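Spelled out, the chains give:
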Amino acid sequence: MNKLVILSVVVVAVVIAGAAAYYSNSETALPVVERMHGDVSTAMDSPVLGDPMAPVTIVEFGDYQCHQCYNWFHETKPLITREFIDSGKANLIFVDLAFLGRDSLSAAQATYCAEDQGMYWEYHDILYTSQESQIDNGWANSERLKAFAFTMGLDMDLFDSCLDSKKYEKRVQLNIAQAQKAGATGTPAFVIVGPGDKQEMISGAQPYSVFKLVIDSMV
């Protein structure tokens, strides 16, 4: 066993132990299923969008109040979804870097409350569809977050209880820490991870052509 393999095993073990300890005192402790993409831990973030076995993983670091994230969601993500995710060449994972305002934290928590009912990505999409230009102007406050859930037909007793109790506050904080550890200093930022844990970071709401160039070089 070479030094690189030994180091990888140690890193995974440390992250698992740390996440388990982080949640050990939580009233609603989360199951820890460790996922490593290169040196990026995605243990506590979104479900995988696309084929989990796809050769390339796009790790997106974002904030639901980030306007450049909004632009990327509407202008670039549809092409990436069509050309890479739907075709099985890549998948996408979202890691919360919720740092722009107080409602950023609440919005991120709300996505995991929706995930409890199998609707993470649908809720994720409605947030980026409904985003307004000003930060913390009320568009993503608790009442609006609950209204989004209502329009989606979610069980409101479950959703309200989840959001009001801040069930996923620690999960979001852990994701913020992982995003910063991975080198994301702003949003959006991306780490593209290919076979053999080859990886490259892309900063900002870059166009589809930039992602295509990186992904094509990995497969």
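Report follows, based on the coordinates. Worth saying up front: this structure is predicted, and the values here are computed from it rather than measured.

**Quick word on the packing of aromatic side chains**
Move 1: Inspection of the entire model under this criterion finds 12 aromatic pairs.
Move 2: When the centroid spacing of 6.5 Å and the interplanar angle of 75° are considered together, the rings of Phe94 and Tyr128 count as edge-to-face. With Phe94 in strand E4 (residues 90-96) and Tyr128 in helix H5 (residues 120-130), this residue pair connects regions lying 34 residues apart in the sequence.
Move 3: On the accessibility criterion, Phe94 (0% relative accessible area) is buried.
Move 4: What makes Tyr128 buried here is its relative accessible area of 0%.
Move 5: Consider the rings of Tyr123 and Phe159, whose centres lie 5.7 Å apart with planes at 35°: the pair is tilted. You can see Tyr123 sitting in helix H5 and its partner Phe159 sitting in helix H7 (residues 156-164), a full 36 residues away along the chain.
Move 6: Look at Tyr123 and you get buried, because its relative accessible area is 0%.

**Quick look at the pattern of salt bridges**
Move 1: Taken as a whole, this structure holds 8 salt bridges when the rule is applied.
Move 2: Note that Glu83 is salt-bridged to Arg82, the shortest N-O span being 2.9 Å.
Move 3: Two residues, Glu132 and Arg144, come together in a salt bridge whose shortest N-O distance is 3.8 Å. With a gap of 12 residues between them, Glu132 in the loop between H5 and helix H6 (142-151) and Arg144 in helix H6 connect regions that are remote in the sequence.
Move 4: Among the residues examined, Arg144 registers a relative accessible area of 30% and is labelled partly exposed.

**Observations concerning the sheet that holds strand E3 (residues 56-62)**
Move 1: Spatially, the 4 strands line up as an open sheet ordered E4-E3-E5-E6, and their pairing is mixed. Bordering the open sheet on either side are E4 and strand E6 (199-203), each of which pairs with just one other strand. The mean angle between the axes of side-by-side strands here comes to 20°, regardless of whether they run parallel or antiparallel.
Move 2: With 5 bridges joining them, E3 and strand E5 (residues 189-193) adopt antiparallel strand pairing. Within E5, the residue paired with Glu60 across the bridge is Phe190.

**A short note on the nonpolar core**
Move 1: Phe61, Tyr123, Leu145, Phe159 and Ile192 are the most contacted members of the largest nonpolar core, which totals 57 residues.
Move 2: If we ignore the near neighbours within four places in the chain, the residues touching Phe159 are Ala110, Cys113, Ala114, Gln117, Tyr123, Leu145, Lys146, Ala149 and Leu154.

Thresholds, definitions, all that
- Residues numbered from 1 in each chain as written.
- Predicted model: local features only at pLDDT ≥ 70, side-chain atom pairs only at ≥ 80, totals over all residues.
- Heavy atoms only, no water.
- Phe/Tyr/Trp six-rings, centres within 6.5 Å; stacked < 30°, edge-to-face > 60°.
- Helix = DSSP H or I, 4+ residues; strand = E, 2+ residues; numbered from the N terminus.
- Buried < 20%, exposed > 50% of the residue type's maximum accessible area, 1.4 Å probe, protein only.
- Salt bridge = Lys/Arg side-chain N within 4 Å of Asp/Glu carboxyl O.
- Pairing = 2+ DSSP bridges.
- Axes fitted to C-alpha atoms, helices over the stretch in contact; angles between N-to-C directions.
- Core = buried A, V, L, I, M, F, W, Y, C linked by side-chain atoms within 4.5 Å.
- Contact = heavy atoms within 4.5 Å.

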